[in-house]
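# Structural overview
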Amino acid sequence: MFLSVFDVFKIGVGPSSSHTMGPMSAANRFLDLIVSNEWPRPAGSHVSAIKASLHGSLAFTGVGHGTGRAVILGLMGEAPNTVDPDRMDDVIEQVERSGRITPPGHPGYDFQPATDLIFDKKQPLPGHANGMSFSAFDKDGRLLLKRIYYSIGGGFVVTDTELEAMRGQKNAPAAKVPYPFSTAKQMLEMARASGLSIADMKRANELTRMSEEELDRGLDEIWSAMSGCIDRGLKVDGIMPGGLKVRRRAKSIYEKLTNDARSNRLNPVLANDWLSVYAMAVNEENAGGGRVVTAPTNGAAGVIPASIRYFLHFHDDATIKDVRTFLLTAAAVGGIIKHNASISGAEVGCQGEVGSAAAMAAAGLAAVMDGTPEQIENAAEIALEHHLGMTCDPVAGLVQVPCIERNALGAVKAVTAASLAIKGDGSHFVPLDAAIETMRQTGNDMSEKYKETSTGGLAVNVVEC
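In this report, the structure presented in the accompanying data block is examined.

Glancing now at the layout of surface pockets. Quantified by volume, the second largest pocket comes out at close to 410 Å³. Among the elements of the structure, α2 (17–34), α3 (57–65), α4 (67–75) and α5 (88–98) are those that each provide at least two residues to the lining of the second largest pocket. Here the element with the most residues in the lining of the second largest pocket is α4; it accounts for five residues. When the residues that make up the lining of the second largest pocket are grouped by side-chain class, the tally is 12 nonpolar, 12 polar and three charged.

And the structure:
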């Protein structure tokens, strides 16, 4: 099994990797398909109009997550990693005013958002909770082409046929990389046999696809985007969009912490305070539709950047090499979780998002604290185990409550897990693979009300109160 560090960490925009970045990418893929020769185009026919429908969790919480906006932006040729957040409103307004989408390289198509973009809450698609379909019609309204896509978490998008193929590859031959571990057990066995760290094995796998310089440059770009997101979040205040009137708090907390530092007053929870404000800064930016990095998702984007900034803040000898080690180790653990369970809140609840992020962050932090592979695996297991069963029940379908504070607490758990693991010898009762399998089973058993549909939990009780 091989999942690149750049598949796990993708630069995009908020508020959701599965509900914003995924649908935008799916729209991009449908545009590419229209102009390709990969479908049986009837002689003399031309695409004149496009329609789209959202299903399952995308339909239930798509408004709060900006899914409809993401589809429109994607159909205008905008991509998650390059779209300008400051231009998005203008692009949406242009389509709504004209009733046309005009992506570069295309002739333009009829598309009325009010009628051609359907939030279908009655008919889920069978492959995944985050399903969507795109259809192309000729000038007489005849259907020429239809494709179903699934946004499976972390910005990953697959067609229905690709999803089936993925599920059939669980027992497929290992990828052609030096260290093709697909479980934590295999990862530890390969580390013992090779004498390499988890980060070094991950690096060796990545170098089969790119040069050392490309890898390091890419890792530095990921951290730069994460760090920039923290910095922006610490400078902005005001009310976040969406109607809940939730106020940004990271800026005011940051200012208090900075003032306290000048006074030299003793603060026994100082590290937790900094961790929390860094994570909240990221997820407030995400809630506002700013530029973030999936880590492994947008909803859980604050845990890993906060943990890295914490390490840089409190460890004077930390270097950019440590950041690369952190990201490689975290990606190794994230790949195992995604392969054997899920990182999608719509599939397994928030245990798959913040829980996975905390496990990845704990592993990365243990690695840069000179932990052994066994201690790193232990750190990841502790962090994941204590997120098991966590539901995804965002109030009003917005990635704000409880998501922002949940990232702060996820970062605190990650650091605590790494610290506990480093103080041990690596031996522990519950293996990481068992925690991952438990998460998968728990997610399968969890009611759909608690899997990013906003039909249960806090999403209904806060409103009722």
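Attention now goes to empty space enclosed by the protein. Across all of its chains, the model carries three cavities of 30 Å³ or more by this definition. Empty space within the largest cavity amounts to approximately 140 Å³. Looking at the largest cavity, it is lined by 17 residues, and the ones nearest its centre are Gly299, Glu353, Cys392, Val399 and Cys403. Looking at the lining of the largest cavity, the elements with two or more residues in it are α2 and α18 (403–422). A volume near 60 Å³ is recorded for the second largest cavity. Lining of the second largest cavity is provided by Met1, Phe2, Leu3, Tyr179, Phe181, Lys202, Asn205, Ala331, Ala332 and Gly335. Contributions of two or more residues to the lining of the second largest cavity are made by α9 (198–206) and α14 (320–340). Residue contributions to the lining of the second largest cavity peak at three residues, all from α14. The class makeup of the residues in the lining of the second largest cavity is seven nonpolar, two polar and one charged.

Relative to the helices and strands, Ser342 is located in the loop between α14 and α15 (345–348). It is 14 Å that separates the C-alpha atoms of Ser342 and His387, two residues lying 45 residues apart in sequence. At a separation of 3.0 Å, a polar atom in the side chain of Ser342 contacts the main-chain amide nitrogen of Ser344.

So, on to the pattern of salt bridges. By the definition in use, this model includes 21 salt bridges. One salt bridge connects Asp140 with Lys139, and the closest N-O pair in it is separated by 3.7 Å. On the accessibility criterion, Asp140 (54% relative accessible area) is exposed. A salt bridge links Lys451 to Glu448, with the nearest nitrogen and oxygen atoms 3.3 Å apart. In the salt-bridge network here, residues are joined through shared partners; they are Arg203, Glu212, Asp216, Asp220 and Arg324.

Moving on, we come to the state of the cysteines. Going through the model one piece at a time under the given rule, you end up with zero disulfides. Looking at Cys229, it has no disulfide partner, and the nearest cysteine sulfur is the one in Cys403, 15 Å off. Cys229 gets classed as buried once you look at its relative accessible area, which sits at 1%. There is no disulfide at Cys392, and the cysteine sulfur nearest it, in Cys350, is 5.6 Å away.

The biggest cluster of nonpolar side chains holds 99 residues, and the ones touching the most others in it are Phe9, Met226, Ile304, Ile308, Phe326, Leu327 and Leu365. Looking at this core, the element that brings in the most residues is helix α16 (residues 354–368), giving 12 residues. Not counting the four nearest positions on each side in its chain, Phe9 is found in contact with Ile222, Met226, Val293, Thr294, Ala295, Ile304, Leu327, Ala330, Ala331 and Met360. Core analysis: the second largest hydrophobic core is formed by 36 residues, Val47, Val83, Tyr109 and Leu117 among them.

For Ala346, the position within the fold is in helix α15. For Ala346, a relative accessible area of 1% corresponds to the buried category. Along the sequence, Ala346 and Cys392 sit 46 residues apart, while their C-alpha atoms lie 7.6 Å from each other. Aside from chain neighbours lying at most four places away, what touches Ala346 is Ser57, Ala129, Asn130, Lys451 and Glu452.

Here the focus is α4. Across the nine residues that make up α4, a large majority, eight, are buried. The set of residues buried in α4 consists of Thr67, Gly68, Ala70, Val71, Ile72, Leu73, Gly74 and Leu75. Gly77 sits one or two positions beyond α4 and adopts a positive phi of about 90°.

Further remarks concern the packing of helix α13 (residues 303–314) against α16. Running from amino to carboxyl end, α13 crosses α16 at an angle of 25°, the nearest separation of the two axes being 8 Å. With respect to α16, the element α13 is oriented roughly parallel. Our pair here, α13 against α16, has a crossing hand that is right-handed. Along its contact with α13, which presents Val303, Ile304, Ser307, Tyr310 and Phe311, the element α16 presents Val354, Ala357, Ala358, Met360, Ala361, Leu365 and Val368. Here the contact of α13 with α16 is built from residues that sort into 11 nonpolar, one polar and no charged.

Rules used throughout
Residues numbered from 1 in each chain as written. Predicted model: local features only at pLDDT ≥ 70, side-chain atom pairs only at ≥ 80, totals over all residues. Heavy atoms only, no water. 1 Å grid on protein atoms, 1.4 Å probe; cavity = no way out; pocket = protein on both sides within 12 Å on 5 of 7 lines; lining within 4 Å. Points joined across faces, edges and corners; volume = space filled by probe spheres on them. Helix = DSSP H or I, 4+ residues; strand = E, 2+ residues; numbered from the N terminus. Nonpolar A, V, L, I, M, F, W, Y, C, P; charged D, E, K, R; others polar. Polar contact = N/O pair within 3.5 Å; in protein donor to acceptor, adjacent residues only side chain to side chain. Salt bridge = Lys/Arg side-chain N within 4 Å of Asp/Glu carboxyl O. Buried < 20%, exposed > 50% of the residue type's maximum accessible area, 1.4 Å probe, protein only. Disulfide = S-S within 2.5 Å. Core = buried A, V, L, I, M, F, W, Y, C linked by side-chain atoms within 4.5 Å. Contact = heavy atoms within 4.5 Å. Axes fitted to C-alpha atoms, helices over the stretch in contact; angles between N-to-C directions. Parallel < 35°, antiparallel > 145°, perpendicular 65-115°, else oblique. Left-handed = near helix turned anticlockwise from the far one by under 90°.

Purely geometric numbers; function is a separate question.
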